[in-house]
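# Descriptive structure summary
Residue strings, one per chain:
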Amino acid sequence: QVQLVESGGGLVQAGGSLRLSCVASGRTFNRYGMGWFRQAPGKEREFVAAISWNGASTYYTDSVKGRFTISRDNAKNTMYLQMNSLKPEDTAVYYCAATTGLVPSRFDYDYFGWGQGTQVTVSS
């Protein structure tokens, strides 16, 4: 089973940028679709973005369209989330996860192998 580790979070001013990374262990990374989710204190886990196993298809929640870009480099067993024009409402712990689905999904129950999360804090 895939094991995932997120990194790249931090504290940034509103309008700034961060790039999150999700590194997978094992040799089967290129067989899984991948997704980014986030969770703020007191709120449900929220879908952010997803990408198909080969990177051909991407899917974003409306609130991040035009600001965030999901990508992957299967040769490096790594998925990325480039976050630009950050807003205070983007503050959350960001998690990556894998799915065996062949198309991107926004539902957390389609995913497995959740990482530990990385904190993103956007100051106003």
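Scroll up to find the structure this text is about.
Read on for an overview of the structure.

Rules used throughout
- Residues numbered from 1 in each chain as written.
- Predicted model: local features only at pLDDT ≥ 70, side-chain atom pairs only at ≥ 80, totals over all residues.
- Heavy atoms only, no water.
- Helix = DSSP H or I, 4+ residues; strand = E, 2+ residues; numbered from the N terminus.
- Rg over C-alpha atoms; globule rule 2.2 N^0.38 Å.
- Buried < 20%, exposed > 50% of the residue type's maximum accessible area, 1.4 Å probe, protein only.
- Areas by Shrake-Rupley, 256 points an atom, 1.4 Å probe, with all protein chains shown as cover.
- Lys, Arg positive; Asp, Glu negative; His and termini not counted.
- Charge placed at Lys NZ, Arg CZ, Asp CG, Glu CD.
- Salt bridge = Lys/Arg side-chain N within 4 Å of Asp/Glu carboxyl O.

Each helix and strand counted, the protein has zero helices and ten strands in total. The secondary structure elements of the protein, listed N-terminal to C-terminal, are β-β-β-β-β-β-β-β-β-β. On C-alpha atoms alone, the protein measures out to a radius of gyration of 13 Å, which is about the 14 Å that the 2.2 N^0.38 rule sets for 124 residues. Each principal axis of the C-alpha atoms in the protein carries an extent, and together these give about 40 × 25 × 25 Å. Counting every position in the protein, which comprises 124 residues, the buried fraction comes to 43%. Here the protein displays about 6500 Å² of accessible surface, and carbon together with sulfur accounts for 47% of that area. Side-chain charges of the protein comprise 12 positive and 9 negative groups, with the mean position of each set lying 6 Å from the other.

Okay, the pattern of salt bridges next. By the definition in use, this model includes five salt bridges. As a salt-bridge pair, Arg 38 and Glu 46 come within 2.9 Å of each other at their nearest N and O atoms. Judged by its relative accessible area of 33%, Glu 46 falls in the partly exposed class. Among the ionic pairs, Lys 65 bridges to Asp 62, the shortest N-O distance being 3.1 Å. Several salt bridges share partner residues, and in doing so they unite Arg 38, Glu 46, Arg 67 and Asp 90 into one network.

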